[in-house]
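Chain by chain, the residues:
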Amino acid sequence: MTPVDVFVPFHKGLPPLRKYWRTLWERRAFITEYSRSELHEQHYDSVFGQIWLILNPLLLSAVYFILIVIIGGHSDKVRYAHLTACLFLFYLVANTLTGGVKSVTSGQRLILNTAFPRIMLPISATVIAIFRFIPTILIFAILRTVLGLPVGWELLWAIPIVVITIVFALGLAILISCINVYFRDIANFLPYLTRTFLYLSPVLWEASDLKPKLQTIEMINPLFPILDSWSRTVVHAQQPHLSSMLIASAWALLLFIFGTYFFLSREREFAVRV
Amino acid sequence: MSNTVHTSGEIAVSVQHLGLTYTTTIDRRPTLKSRLKSMGRGTKQTQVIRALDDIMLDVPYGSVLGVVGANGAGKSTLMRVISGILPPSQGRVEVYGKVSTLLALGVGFSPSLSGRANVRLGGLAAGMSRQEIEDHFEEIADFAELGDSIDAPMRTYSSGMYARLAFSVAVTVRPDILIVDEALSTGDARFKEKSLEKIKELRSDARALILVSHALGTVKDICNEVAWLHKGKLIQRGKPDEVVDAYADFLHVRKSAVIDEDI
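Keep in mind that what you see is a predicted model, and the values were worked out from it rather than measured.

Caption draft 1: View of the overall build of chain A. For chain A, the helix and strand inventory stands at 12 helices and one strand. Taken against the 2.2 N^0.38 rule, which gives 19 Å for 274 residues, the C-alpha radius of gyration of chain A at 20 Å falls within 12% of a compact globule. If you line up chain A on its principal axes, its C-alpha atoms span 70 × 45 × 40 Å. Taken over 274 residues, chain A has a buried fraction of 52%. When contacts within chain A are restricted to residue pairs at least 6 apart in sequence, those whose partners lie at least 24 apart make up 80%. Carbon together with sulfur atoms contributes 70% to the accessible area of chain A, which is approximately 13,500 Å² in total.

Caption draft 2: Spotlight on the environment of Arg92(B). Tracing the backbone through its elements, the reader meets Arg92(B) in strand β4 (residues 90-95). Sequence separation between Arg92(B) and Val15(B) is 77 residues; the distance between their C-alpha atoms is 6.2 Å. When neighbours within four sequence positions are excluded, Arg92(B) is seen to be in contact with Val6(A), Phe7(A), Val8(A), Ser14(B), Val15(B) and Gln16(B). Within the structure, Arg92(B) has its side chain in polar contact with the side chain of Glu94(B) (distance 2.8 Å).

Caption draft 3: Structural context of the packing of aromatic side chains. Residues and elements named next belong to chain A. Overall, the coordinates contain 13 aromatic pairs over all chains when judged by the stated rule. With a centroid separation of 6.4 Å and an interplanar angle of 35 degrees, the aromatic rings of Phe30 and Phe116 are classed as tilted. Within this pair, whereas Phe30 is found in helix α2 (residues 28-41), its partner Phe116 is found in the loop between α5 (108-113) and α6 (120-146), the two being separated by 86 residues in sequence. With centroids separated by 5.0 Å and ring planes inclined at 75 degrees, the aromatic side chains of Phe65 and Tyr80 adopt a geometry described as edge-to-face.

Caption draft 4: The pattern of salt bridges, seen in detail. Tallied over the full model, the rule gives 19 salt bridges over all chains. Linking Lys233(B) and Asp53(B) is a salt bridge whose minimum nitrogen-to-oxygen distance equals 3.5 Å. Taken together, the positions of Lys233(B) in strand β8 (residues 233-238) and Asp53(B) in strand β2 (residues 46-60) put the pair 180 residues apart, joining distant regions of the chain. Note that Lys194(B) and Glu145(B) form a salt bridge whose closest N and O atoms lie 2.3 Å from each other. With Lys194(B) in helix α7 (residues 189-203) and Glu145(B) in the loop between α5 (130-144) and α6 (159-172), this residue pair connects regions lying 49 residues apart in the sequence. Note on Glu145(B): relative accessible area 34%, which makes it partly exposed. One salt-bridge network, in which partners are shared between bridges, spans Glu33(A), Arg36(A), Arg120(B), Arg130(B) and Glu134(B).

Caption draft 5: Examining the interface of chain A and chain B more closely. Across the boundary between the two partners, chain A contributes 43 residues, which contact 52 residues of chain B. Across the interface of chain A and chain B, roughly 4,000 Å² is buried in total on both sides, 61% from carbon and sulfur atoms. Its largest share of buried area at the contact with chain B, chain A owes to Phe7(A), Arg109(A) and Asn113(A), together 17% of the area lost on that side. For the pair chain A and chain B, the interface holds two salt bridges. The tally of links from chain A across to chain B stands at 13 residue pairs in polar contact (both at pLDDT 80 or more). Mapped onto the side of chain A that touches chain B, the elements with two or more residues apiece are β1 (5-7), α2, α5, α7 (158-182), α8 (186-200) and α12 (270-273) of chain A. The element best represented in the side of chain A that touches chain B is α2(A), accounting for nine residues. Grouping the constituent residues of the side of chain A that touches chain B by class yields 24 nonpolar, seven polar and 12 charged.

Thresholds, definitions, all that
Residues numbered from 1 in each chain as written. Chains lettered and ligands numbered in written order. Predicted model: local features only at pLDDT ≥ 70, side-chain atom pairs only at ≥ 80, totals over all residues. Heavy atoms only, no water. Helix = DSSP H or I, 4+ residues; strand = E, 2+ residues; numbered from the N terminus. Rg over C-alpha atoms; globule rule 2.2 N^0.38 Å. Buried < 20%, exposed > 50% of the residue type's maximum accessible area, 1.4 Å probe, protein only. Contact = heavy atoms within 4.5 Å. Areas by Shrake-Rupley, 256 points an atom, 1.4 Å probe, with all protein chains shown as cover. Polar contact = N/O pair within 3.5 Å; in protein donor to acceptor, adjacent residues only side chain to side chain. Phe/Tyr/Trp six-rings, centres within 6.5 Å; stacked < 30°, edge-to-face > 60°. Salt bridge = Lys/Arg side-chain N within 4 Å of Asp/Glu carboxyl O. Buried area = accessible area lost by both parts, 1.4 Å probe. Nonpolar A, V, L, I, M, F, W, Y, C, P; charged D, E, K, R; others polar.

Below you can see the structure in the form of structure tokens.
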């Protein structure tokens, strides 16, 4: 008779990936169930919860628009649309991070008592952020119709851009949830980090406004090409630059691969670390 | 969980020369701040813990293994290795069937969610299907006797309610190899009796049972074999009466009413 499971000392590096993927796939229902329960718990499945989900980003974009008007930037309808669209996508990333950072440490009980691929926890956090992002797409669709922005097949570029953003956010969530196991105060730094990236990204300003002197920002901020392409597509109905799309994809893939490697090679000791 | 019928006497779990050493932080909550503050001072941030040392153990199907030992003996750690939660540092563990994975104690990982949602999530994380969980859910809720509280957030549960739900999950989901880890020591007298009955009932089935308990009376009563762990080492293994008596002598509490009564 052959054993169902054999547990032997592990080597440094990755666990057997095929087996890992299989156990992860078997447990995909956990991810949907967990996200659903969490959203339910946060009342996002009720009418007022949904309204809040829509109202919150709208209020946020209104506040930032006032800021832009006061500091004297462009304040026409295109700028408002740009601000709103970029803010919505930015918050997809920011919400993934805030939800993801504590996903492993707060799953302590489960980690100590059940054998499962730990990566399910940051993935669930990402799925929750995606569910919170969906209503904002609808809002923006209505908003851009009301504002009479141009329409064209170029809008379809939004789909790959959202996919790239999700891969990027997922990679980031996986990485930061793992770092948080070793340094529990990372979560406290996070608001400053996201705020900094908000200002370094073309959200309150447009990519073309950037002074040549500050162009290094474009190089070091992965969100730059993502948000630039996003604004071109959904606000101006133009095709995004191929170079921006390639750089954004490269960032997202790199971060996802690095984050996953980091996480998988360390997750076996989470049970003694959390 | 699995429908394979195992015959009594077949090996369920085989633990061979198992050792476990791990590095953990001295701080309970390691932070970047404390790390930066102690930089250059050469203070140690981590410590190495030898939790298990050369453990040899076999559990055949159709038997009940009792595991006794003082606090910190490595009992729970051993259970975690058998369930595949902690990988061993030395040796080998072979498992011939589905283990209950201490699933019970994982229930309640999200205190803001209801008991029902937690049972579901715990089951899904352990690899059960939605259908399997639905099939067992009524039985779990009935056995735990929580009434309407099953839909209340778990942070509102008392420790007794908590333990009742955990125990119900552990015994209702029918794994080939069932591990019951002390979870049953809380709960009122009536529930204790009920859980003891349940364990005896499970014993008759073709499955292997590992019972980690401080209730020596119960261990003597229902186990076929007992292993005594101390500071990560297997001190003695054998007939329940002998091992439990030796352990009780060791504790200098032989014949004390306190250790006999609890289960």
